[in-house]
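Chains, contacts and geometry: an overview
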Amino acid sequence: VYGDTWIISSSENGTLFNAKTVDISDATPPPRVGHAATLCGNAFVLFGGDTHKVNSEGLMDDDLYLFNVNSYKWTIPHPIGPRPLGRYGHKISIIATNQMKTKLYLFGGQFDDTYFNDLAVYDLSSFRRPDSHWEFLKPKTFVPPPLTNHTMVSYDYKLWVFGGDTLQGLINQVFMYDTSSNDWSLVETSGTKPPPLQEHAGLVYKDLMCVIGGKDDQDVYMNSVYFLNLKSLKWFKFPLFKAGIPQGRSGHSVTLIQNDKILVMGGDKFDYARQGEYDLNTSDSDMGKGTILYTLDLSRLAELCPGVFDISDPLTPFNPVTPPINHAGKIPNRFNQPEPILTPYANEAMQTPTISRTFQGSLETPESKVIESEDLSEHLKAHPKTNEPSVGEIKKPVSPIPVLIHQETEPVTQAPRVVSISSEKTSTAQGNTT
């Protein structure tokens, strides 16, 4: 288990990548696995994971970590009151209702045989205030089952959860949490649905939720790609171009980069590059040629998956809203402000919902010193009209960082490229793959 931090930067067309590490400091999260992370403006936000670090009660690390992608410094907020229990297999996501309210939502996860279905929210905009705290939401009518190793994305001021592992086995259902009504619902979908999955990866691309890879209920590793149209609620499967590339994987990451590309990397499969420059198979041992990354070009998605962007009933009025994070679509002309997020029992003592008797004792936070670094408060705001995270003003950027935006381009007709990287040199390999 590693505790290092890597920065992967790409060229403009997403076919050449460079990698470097960030120096370890006192505020760097200790080594961990199964943690959850997301981007909010200039802050890379991390919570949880299976790690040796514990709090004052001897329970797993419950600190929140913020990494400034410009200064390369970590900050650890110090919220007062109860916190979500440390865990792994959970997910976090950002919803920004206005410039002053950028909220981080946490759902699910596990600790050993204890699975969670609690929903907690933290106002990132106020992390410097002395009264900064976590809130535990109590949905009005319905809560998904305890769930781990699922995916969760933000779209239209809602949380969309797909798949994962329950105490009864894997599922392929979609759950949606509406911040305005403070309630969960089970979403009825149509089309070519993915099988029950866990440890898959997901993101939002335009009006689609993209699900890549994962492990099915027979422990078979998948390299499939599915899209759920979040307007029509219809699933589409991306066609297969070359079997075995990329090889099936779970526990990996997916990132939306420029020019309609998704970067797929990591997971529990070896991705060591082989000797041949055009050999796209992988090695089980490090051969000194770097690591193979995979990019999925979505510029021709409408052609490859006919109807993927269609709305089921064109006569039904729909008010488009820009998703708050990792969204690559156009900025809409209209912006609908949702109701403020309400906590039904805000005046009552907040506490972690009772999930199992495994955890007992006080959840008071340890009296540890707040680790100070560059103030990120201005970077944690979202634009009040587009709902896009603010990147702030950067006078002297340390190094180029990929900007998660969409640019209108002509359809790319050349074959996608599979890229090998190492800390010393970078090489590219042309390949007829997805």
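Read on for an overview of the structure. (Residues numbered from 1 in each chain as written. Predicted model: local features only at pLDDT ≥ 70, side-chain atom pairs only at ≥ 80, totals over all residues. Heavy atoms only, no water.)

As for the overall build of the protein
Helices and strands together make up the secondary structure of the protein, namely one helix and 30 strands. Taking all 434 residues of the protein together, 50% fall into the buried category. For the protein, restricting intrachain contacts to residue pairs at least 6 apart in sequence, the fraction spanning at least 24 positions comes to 61%. Of the accessible surface of the protein, which amounts to about 20400 Å², a share of 50% is contributed by carbon and sulfur atoms. (Helix = DSSP H or I, 4+ residues; strand = E, 2+ residues; numbered from the N terminus. Buried < 20%, exposed > 50% of the residue type's maximum accessible area, 1.4 Å probe, protein only. Contact = heavy atoms within 4.5 Å. Areas by Shrake-Rupley, 256 points an atom, 1.4 Å probe, with all protein chains shown as cover.)

Details of the nonpolar core
The biggest cluster of nonpolar side chains holds 24 residues, and the ones touching the most others in it are Phe227, Ile262 and Leu301. At the level of elements, strand E20 (201-205), strand E21 (208-215), strand E22 (221-229), strand E24 (252-257), strand E25 (261-266) and strand E28 (291-297) are the ones that each hand at least two residues to this core. Residues within four places of Leu301 in sequence aside, it is in contact with Tyr205, Leu208, Phe227, Phe238, Val308 and Phe309. (Core = buried A, V, L, I, M, F, W, Y, C linked by side-chain atoms within 4.5 Å.)

Structural notes on the side chain of Arg87
On the secondary structure map, Arg87 appears in the loop between strand E8 (74-75) and strand E9 (91-98). In this structure Arg87 comes out as buried when scored by relative accessible area, which is 0%. Here the side chain of Arg87 touches Gly108 through a polar contact of 2.9 Å, landing on its backbone oxygen. Residues within four places of Arg87 in sequence aside, it is in contact with Gly48, Gly49, Met60, Leu106, Gly108, Gly109, Gln110, Phe116 and Asp118. (Polar contact = N/O pair within 3.5 Å; in protein donor to acceptor, adjacent residues only side chain to side chain.)

Regarding unusual backbone geometry
In this chain, Ile245 is followed by Pro246 through a cis amide linkage whose omega measures -5°. Its location among the elements puts Pro246 in the loop between strand E23 (234-237) and E24. Of note, Asn182 is a non-glycine position whose phi angle comes to about 50°, a positive value. Tracing the sequence through the fold places Asn182 in the loop between strand E17 (169-178) and strand E18 (183-187). Among the residues examined, Asn182 registers a relative accessible area of 4% and is labelled buried. With a phi angle near 55°, Glu199 is a residue other than glycine that sits in the positive phi range. Taking the relative accessible area as the measure of exposure, Glu199 reaches 22% and is therefore partly exposed.

What to know about the sheet that holds E17
Pairing within the open sheet is antiparallel, and its four strands lie in the order E15-E16-E17-E18. In this open sheet, the two strands that pair with only one neighbour each are strand E15 (151-155) and E18. Shown here is a sheet whose adjacent strand axes are inclined to one another by a mean of 25°, direction ignored. Sheet topology places E15 next to strand E16 (residues 158-166); five bridges connect them, and they run antiparallel. Residue pairing across strands places Thr151 opposite Phe162, the latter belonging to E16. (Pairing = 2+ DSSP bridges. Axes fitted to C-alpha atoms, helices over the stretch in contact; angles between N-to-C directions.)

A short note on the packing of aromatic side chains
Enumeration over the complete set of coordinates arrives at 14 aromatic pairs. Seen in terms of ring centroids, Tyr122 and Trp134 are 5.3 Å apart; in terms of plane orientation they differ by 35°. Their pairing is tilted. Placement of the pair is Tyr122 in strand E13 (residues 119-123) and Trp134 in strand E14 (residues 134-137), with a sequence separation of twelve residues. Aromatic side chains Tyr205 and Phe309 sit 6.5 Å apart centroid to centroid with 55° between the ring planes, which places their arrangement in the tilted category. A residue pair is termed long-range when its members are at least 10 positions apart, and Tyr205 in strand E20 and Phe309 in the loop between helix H1 (301-304) and strand E29 (417-421) qualify at 104 residues. When its relative accessible area of 2% is taken as the criterion, Tyr205 is described as buried. Chaining the aromatic ring pairs together yields one cluster made of Tyr65, Phe67, Tyr72 and Trp74. Just above the ring of Phe309 sits the side chain of Lys206; from NZ or CZ to the centre is 5.4 Å. Above the plane of the ring of Tyr221 lies Lys269, whose end atom (NZ or CZ) is 4.1 Å from the centre. (Phe/Tyr/Trp six-rings, centres within 6.5 Å; stacked < 30°, edge-to-face > 60°. Lys NZ or Arg CZ within 6 Å of the ring centre and 35° of its normal.)

Details of the sheet that holds strand E4 (residues 36-40)
The strand order E4-E5-E7-E8 describes an open sheet built from four strands, whose pairing is antiparallel. One side of each edge strand has no neighbouring strand; the edge strands of this open sheet are E4 and E8. As paired elements, strand E7 (residues 64-68) and E8 share two bridges and run antiparallel to each other. Residue pairing for E8: Leu66 is matched across the bridge by Thr75.

So, the pattern of salt bridges
A full pass over the atoms with the stated rule returns 14 salt bridges. Note that Asp297 is salt-bridged to Lys261, the shortest N-O span being 3.9 Å. You can see Asp297 sitting in strand E28 and its partner Lys261 sitting in strand E25, a full 36 residues away along the chain. A residue is classified by how much of its surface remains accessible, and Lys261, at 8% relative accessible area, is buried. Within the structure, one salt-bridge network assembled from shared partners comprises Arg32, Lys53, Asp61, Asp62, Asp63 and Arg83. (Salt bridge = Lys/Arg side-chain N within 4 Å of Asp/Glu carboxyl O.)

Some remarks on the pairing of E23
Bridge count between strand E19 (residues 190-191) and E23: two bridges; the pairing is parallel. Considered in E23, the bridge of Gly191 is made with Trp235.

Considerations on the environment of Ser299
Within the fold, Ser299 resides in the loop between E28 and H1. Relative accessible area serves as the criterion here: at 22%, Ser299 is assigned to the partly exposed category. A C-alpha to C-alpha distance of 7.4 Å links Ser299 and Asn259, two positions 40 residues apart in sequence.

What about the state of the cysteines?
Within this structure, the stated rule accounts for zero disulfides. The thiol of Cys210 is unpaired, and the distance to the nearest cysteine sulfur, on Cys305, comes to 9.8 Å. (Disulfide = S-S within 2.5 Å.)

Focus on the environment of Val225
You can see Val225 is positioned in strand E22. The class of Val225 is buried, set by a relative accessible area of 10%. For the pair Val225 and Phe236, spaced eleven residues apart in sequence, the C-alpha separation works out to 8.7 Å. Beyond its immediate chain neighbours, meaning those up to four positions away, Val225 contacts Cys210, Val211, Ile212, Phe236, Lys237, Phe238 and Leu296.

Honestly, that's just the spatial picture; any functional story needs more than this.
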